[in-house]
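Examining the three-dimensional arrangement
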Amino acid sequence: MSHARDPLVVGRVVPDVLELFTRSISLRVTYGQREVTNGLDLRPSQVLNKPRVDIGGEDLRNFYTLVMVDPDVPSPSNPHLREYLHWLVTDIPATTGTNFGNEIVSYESPRPTSGIHRIVLVLFRQLGRQTVYEPGWRQNFNTREFAAIYNLGLPVAAVFFNCQRESGCGGRRS
Amino acid sequence: KQKINQSAFSISSSSSSLSHSHSQAKNMTQVTMEEVWKEINLASLHQHRQLNIDHEPMLRNQNPYNSIFQDFLNMPLNQQQPPPSTSSFPLPPPATVLTLNPHSIHTQFEESAKFGCFGKKRSQDSDESRGDRRHKRMIKNRESAARSRARKQECAYTNELELEIAHLQKENARLKKQEEQLKMAEATQHQTKKTLQRSWTAPF
């Protein structure tokens with residue numbers, strides 16, 4: 001599969017947030033009945049509560065960290081507060097979900113006011129169970145740096161959706 | 001200036017008494033009310049002449065009392081003599097401003113504030129900066145268009161995959177069916193072969 005057509009590359013999540021990586025673990029994010037596929041359009045009312053997250057893997061002894069960020073704050077044309085940390089869950093055992101992990105930073109629902117924001121969920125494999133310190137604030141978070149500090153390596157899975165304010169017009173006319 | 005301040009004070013005190021007495025309006029005679037209005041009119045007229053008339057853009061009321069009253073309300077905002085060339089950004093209203101009609105003061109302040117900002121932009125305008133700003137705007141527009149195209153493609157890719165999945169599923173179902181049929185056909189043939197049949201009878 002050509003990387004150029006990977007939605008994460010097309011949507012510039014790579015390289016805006018992440019390095020190029022190869023998916024190795026399944027990641028399923030579901031808001032209500034809706035499963036998140038890359039580039040799906042969701043409105044704030046549809047993402048009010050934390051989604052259900054199911055991850056793959058085989059060995060229950062492996063632990064994973066989930067990061068949820070918005071790189072387009074306050075607006076995609078001027079993202080000077082990139083990135084905004086919406087959710088941080090660590091110590092998720094393989095084959096389970098966020099319910100079994102450690103919620104370091106509680107879920108805050110996206111509420112973009114200006115433009116269409118990409119909301120990215122990234123999964124990293126941890127070297128072992130580890131203590132992760134919550135950042136002092138949510139904005140100006142840097143996923144790359146975070147991964148480097150905690151030796152998380154490259155992502156093992158990621159998915160993103162597009163979010164705009166409730167009354168948004170949906171972007172440009174085609 | 002000092003004079004204006006003093007008069008403002010005196011008038012404000014009298015009009016605050018007016019507001020207080022408003023509730024007692026029914027008890028007051030009409031003559032008293034007119035007297036108070038006269039006082040206000042005289043005072044404001046006196047100051048009206050001293051102020052720069054150009055900077056009171058919104059006093060087009062037909063009612064003479066009303067327009068003069070508006071002037072009066074405008075007065076504290078324009079206390080300083082504004083320079084004639086640019087539109088002035090008025091000082092925040094001082095404490096002596098009447099509170100009889102706070103809404104009108106606020107909107108007038110906003111209006112003149114907007115007016116002031118507009119003036120600022122104009123003064124910075126030169127050919128170079130205009131070109132610069134246009135250039136920046138063009139770049140931002142291009143970026144926005146690129147993001148929009150990217151969004152289109154993301155969905156398109158996923159849709160493509162979904163279509164492919166649907167197609168493959170159909171194909172798979174078809175092939176499975178075919179396989180079933182072939183197996184069944186083979187099975188029945190096999191059955192017939194298992195039973196012994198006379199194909200040739202020996203002559204003896």
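Residues numbered from 1 in each chain as written. Chains lettered and ligands numbered in written order. Predicted model: local features only at pLDDT ≥ 70, side-chain atom pairs only at ≥ 80, totals over all residues. Heavy atoms only, no water.

Looking at an unreviewed UniProt entry, one finds chain B named BZIP domain-containing protein and attributed to Eutrema salsugineum. Its UniProt record, at the heading Subcellular location (unreviewed entry), says of chain B: "Nucleus". (UniProt positions renumbered as here; feature names shortened; annotations may be inferred.)

Per an unreviewed UniProt entry, chain A goes by the name Flowering locus T and belongs to Eutrema salsugineum. As its UniProt record puts it under Sequence similarities (unreviewed entry), chain A is described as follows: "Belongs to the phosphatidylethanolamine-binding protein family."

1. Let's talk about the overall build of chain B
Regarding its fold elements, chain B presents five helices and zero strands. Along chain B, from the amino end to the carboxyl end, the secondary structure elements read α-α-α-α-α. Expressed as a percentage of the 204 residues in chain B, the buried residues total 25%. Carbon together with sulfur atoms contributes 56% to the accessible area of chain B, which is approximately 16500 Å² in total. (Helix = DSSP H or I, 4+ residues; strand = E, 2+ residues; numbered from the N terminus. Buried < 20%, exposed > 50% of the residue type's maximum accessible area, 1.4 Å probe, protein only. Areas by Shrake-Rupley, 256 points an atom, 1.4 Å probe, with all protein chains shown as cover.)

2. A few points about the pairing of strand β8 (residues 117–125) of chain A
Each regular strand displays side chains that alternate between the two surfaces of the sheet. Residue and element names in this part refer to chain A. Burial of β8 is extensive: eight of the nine residues sit out of reach of the surface. In this structure, β8 lies alongside strand β9 (residues 157–163), joined through seven bridges in antiparallel fashion. Its bridge partner being in β9, Val 120 is matched across the sheet by Phe 160. (Pairing = 2+ DSSP bridges.)

3. Quick word on the interface of chain B and chain A
Taken residue by residue, the interface counts 15 residues in chain B and 17 residues in chain A. Looking at the side of chain B facing chain A, the largest losses of area belong to Arg151(B), Glu154(B) and Tyr157(B), adding up to 43% of the total buried there. Inspection of the chain B/chain A interface yields one salt bridge. In this structure, Glu160(B) engages Arg5(A) in a salt bridge whose closest nitrogen and oxygen atoms are separated by 2.8 Å. Where chain B packs against chain A, one counts three residue pairs in polar contact (both at pLDDT 80 or more). (Contact = heavy atoms within 4.5 Å. Buried area = accessible area lost by both parts, 1.4 Å probe. Salt bridge = Lys/Arg side-chain N within 4 Å of Asp/Glu carboxyl O. Polar contact = N/O pair within 3.5 Å; in protein donor to acceptor, adjacent residues only side chain to side chain.)

4. Observations concerning unusual backbone geometry
All names here are of chain A. The omega angle of the peptide bond from Val 14 to Pro 15 is 10 degrees, so this bond is cis rather than trans. Relative to the helices and strands, Pro 15 is located in helix α2 (residues 13–16). Omega for the bond connecting Arg 82 with Glu 83 falls within 30 degrees of zero, at -15 degrees, which places this linkage in the cis form. Considering the arrangement of structural elements, one finds Glu 83 in the loop between β5 (63–70) and β6 (84–93). One non-glycine residue, Thr 95, lies in positive phi territory at about 65 degrees. Along the chain, the position of Thr 95 falls in the loop between β6 and β7 (102–105). The class of Thr 95 is partly exposed, set by a relative accessible area of 44%. Phi is positive for Asn 140, close to 55 degrees, though the residue is something other than glycine. Considering the arrangement of structural elements, one finds Asn 140 in the loop between β8 and α3 (143–149).

5. Looking at the packing of aromatic side chains
Residues and elements named next belong to chain A. Overall, the coordinates contain four aromatic pairs over all chains when judged by the stated rule. A centroid spacing of 5.7 Å and a plane angle of 80 degrees characterise the contact between Tyr 31 and Phe 161, whose relative ring orientation is edge-to-face. Residue Tyr 31 is located in strand β1 (residues 27–31), and its partner Phe 161 is located in strand β9; the two are separated by 130 residues in the primary sequence. One exposure class covers both Tyr 31 and Phe 161, and it is buried. On the numbers, 5.4 Å between centres and 45 degrees between planes, the contact of Phe 141 with Phe 146 is tilted. A single burial state applies to Phe 141 and to Phe 146, both of which are buried. Taken together, the aromatic side chains of Phe 141, Phe 146 and Tyr 150 make up a single cluster linked through ring pairs. (Phe/Tyr/Trp six-rings, centres within 6.5 Å; stacked < 30°, edge-to-face > 60°.)

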